[in-house]
Amino acid sequence: MTDYLRAPAFSVGEIDANVNLSLPPASGEEYIKRVVIEARQCADIVVADIDQKRLKNPTIDVEPLSGCVEAPSWLSPTLDWQLCQVSDFSHVRLYISQLKNEILTAKRKWRPTKIDLPSMDDEKGWITFCSNREDRTKILPTLNTVFCLNQPMVEQVLEYLAEHVAVQKKIEYELGQWIYALLVVLEMPLTPDVCSWLRTLARTCSVIRASSENLELQETRALNLFICLVARYFRQLDLADP
């Protein structure tokens, strides 16, 4: 069926195989003839002779990305619990969205207090701001602090916290509060980068859950909650607990 591909596109006349290829072609037709002669001299199939002894083993270990680590049976959340969390989270997002719209349209009076927030590119500053335990009343996420963050800042801080949790292999209470608040105001559809950070967060939570022997009930619920929200609300269903 592919024989028609081998048919010449146009005729170039008789070809003299004894032409001197060291001389430049005198015309376009002669150039085409030389191309045909050189093509005939090429083998149809060429196999490279590779010296296996000269090949080196790869020096970089690439860890394949996989789904979440399966939870031990006694820590795995039920499907009813997961659906309940998704429903509650959806209601919270709707309430915050409506409240923000009312404030922006001046239907509700709101006077924001002055808050000294770290700059957007200050990763250590944000980690300290969100996890400092000296005065909880100043650092726990409130409507005031959440509404002060624009969407690029929400995404950036969420990235900082996801990376911090991945390194520390634990979620402190204060960071958990902030992660939840940022997820509440995170706009959809997700960008590829945000989607990647959320998946990293869910995978990290699953690793902590599977590898920690003495998790408190509050910690287990937080880990299950973030895996559930990333998988079932933000539609990364391949990461979901059964």
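Here the structure is a predicted model, which is why all the values come from computation and not from measurement.

1. What to know about the overall build of the chain
Okay, step 1: Looking only at helices and strands, one finds nine helices and zero strands in the chain.
Okay, step 2: Of the regular secondary structure in the chain, the N- to C-terminal order runs α-α-α-α-α-α-α-α-α.
Okay, step 3: Sequence-distant contacts in the chain: of pairs separated by 6 or more residues, those separated by 24 or more amount to 70%.
Okay, step 4: Accessible surface for the chain amounts to roughly 16,900 Å². Of this, 53% is attributable to carbon and sulfur atoms.

2. What about the nonpolar core?
Okay, step 1: Trp126, Cys130, Leu161, Ile179, Leu183, Leu186 and Leu198 are the most contacted members of the largest nonpolar core, which has 48 residues in total.
Okay, step 2: With nine residues, the single largest contributor to this core is helix H9 (residues 217-233).
Okay, step 3: With residues near it in sequence (within four places) discarded, Ile179 still touches Leu158, Leu161, Val165, Leu201 and Phe226.

3. Observations regarding the packing of helix H6 (residues 151-168) against helix H8 (residues 192-211)
Okay, step 1: At a closest axis distance of 9 Å, the pairing of H6 and H8 adopts a crossing angle of 25 degrees. In terms of orientation, H6 lies roughly parallel with respect to H8. You can see that H6 and H8 cross each other, and the crossing is left-handed. Here Glu155, Leu158, Glu159, Ala162, Val165 and Ala166 of H6 come into contact with H8, specifically with Val194, Trp197, Leu198, Thr200, Leu201, Thr204 and Ile208.

4. Overview of the packing of aromatic side chains
Okay, step 1: Using the criterion set out here, one finds six aromatic pairs in the structure.
Okay, step 2: With centroids separated by 5.5 Å and ring planes inclined at 75 degrees, the aromatic side chains of Phe89 and Tyr180 adopt a geometry described as edge-to-face. Remark: Tyr180 occurs in helix H7 (residues 173-185) and Phe89 occurs in helix H2 (residues 79-104); sequence separation between them is 91 residues.
Okay, step 3: Through successive ring pairs, a cluster of aromatic residues spans Phe89, Tyr180, Tyr233 and Phe234.

5. What about a negative patch on the surface?
Okay, step 1: Taken together, the side chains of Asp121, Asp122, Glu123 and Glu163 make up a negatively charged region of the molecular surface.
Okay, step 2: With respect to the secondary-structure elements, Glu163 resides in helix H6.

6. A look at the packing of H2 against H9
Okay, step 1: Interhelical geometry of H2 versus H9 gives an angle of 75 degrees and a closest axis separation of 9 Å. One element, H2, and the other, H9, form an angle in the roughly perpendicular class. For the pair H2 and H9, the contacting residues are Leu79, Trp81, Gln82, Gln85, Val86, Phe89, Ser90 and Arg93 in the first and Arg221, Asn224, Leu225, Cys228, Leu229, Arg232 and Tyr233 in the second.
Okay, step 2: Classifying every residue of the contact of H2 with H9 gives eight nonpolar, four polar and three charged.

7. Topic: H2
Okay, step 1: The end-to-end C-alpha distance of H2 is 38 Å, a good match for the 38 Å that 26 residues give at a rise of 1.5 Å each.
Okay, step 2: Where H2 is concerned, the buried positions are Gln82, Gln85, Val86, Phe89, Arg93, Ile96, Leu99 and Ile103.

8. Considering the pattern of salt bridges
For side chains bearing opposite charge, pairing can occur when the charged atoms are close.
Okay, step 1: Scanning the entire structure with this criterion turns up two salt bridges.
Okay, step 2: A salt bridge links Asp238 to Arg199; the shortest N-O distance between them is 2.7 Å. With Asp238 in the segment after H9 and Arg199 in helix H8, this pair connects stretches of sequence that are 39 residues apart.
Okay, step 3: When its relative accessible area of 16% is taken as the criterion, Arg199 is described as buried.

9. Considerations on the side chain of Glu155
Okay, step 1: With respect to the helices and strands, the residue Glu155 is situated in helix H6.
Okay, step 2: Apart from residues lying up to four places away in sequence, Glu155 is in contact with Leu186, Thr191, Val194 and Trp197.

10. Details of unusual backbone geometry
A negative phi holds for most residues other than glycine; trans holds for most peptide bonds.
Okay, step 1: Omega for the bond connecting Met188 with Pro189 falls within 30 degrees of zero, at 5 degrees, which places this linkage in the cis form.
Okay, step 2: Mapped onto the secondary structure, Pro189 falls in the loop between H7 and H8.
Okay, step 3: One non-glycine residue, Lys169, lies in positive phi territory at about 60 degrees.
Okay, step 4: In this structure, Arg235 takes a positive phi of about 65 degrees despite not being glycine.
Okay, step 5: Among the structural elements, Arg235 can be located in the segment after H9.

Quick notes on the rules
- Residues numbered from 1 in each chain as written.
- Predicted model: local features only at pLDDT ≥ 70, side-chain atom pairs only at ≥ 80, totals over all residues.
- Heavy atoms only, no water.
- Helix = DSSP H or I, 4+ residues; strand = E, 2+ residues; numbered from the N terminus.
- Contact = heavy atoms within 4.5 Å.
- Areas by Shrake-Rupley, 256 points an atom, 1.4 Å probe, with all protein chains shown as cover.
- Core = buried A, V, L, I, M, F, W, Y, C linked by side-chain atoms within 4.5 Å.
- Buried < 20%, exposed > 50% of the residue type's maximum accessible area, 1.4 Å probe, protein only.
- Axes fitted to C-alpha atoms, helices over the stretch in contact; angles between N-to-C directions.
- Parallel < 35°, antiparallel > 145°, perpendicular 65-115°, else oblique.
- Left-handed = near helix turned anticlockwise from the far one by under 90°.
- Phe/Tyr/Trp six-rings, centres within 6.5 Å; stacked < 30°, edge-to-face > 60°.
- Patch = residues over 30% accessible without salt bridge, like charges linked within 9 Å, V, L, I, M, F, W, Y side chains within 5 Å.
- Salt bridge = Lys/Arg side-chain N within 4 Å of Asp/Glu carboxyl O.
- Lys, Arg positive; Asp, Glu negative; His and termini not counted.
- Charge placed at Lys NZ, Arg CZ, Asp CG, Glu CD.
- Nonpolar A, V, L, I, M, F, W, Y, C, P; charged D, E, K, R; others polar.
- Expected span 1.5 Å × (residues − 1).

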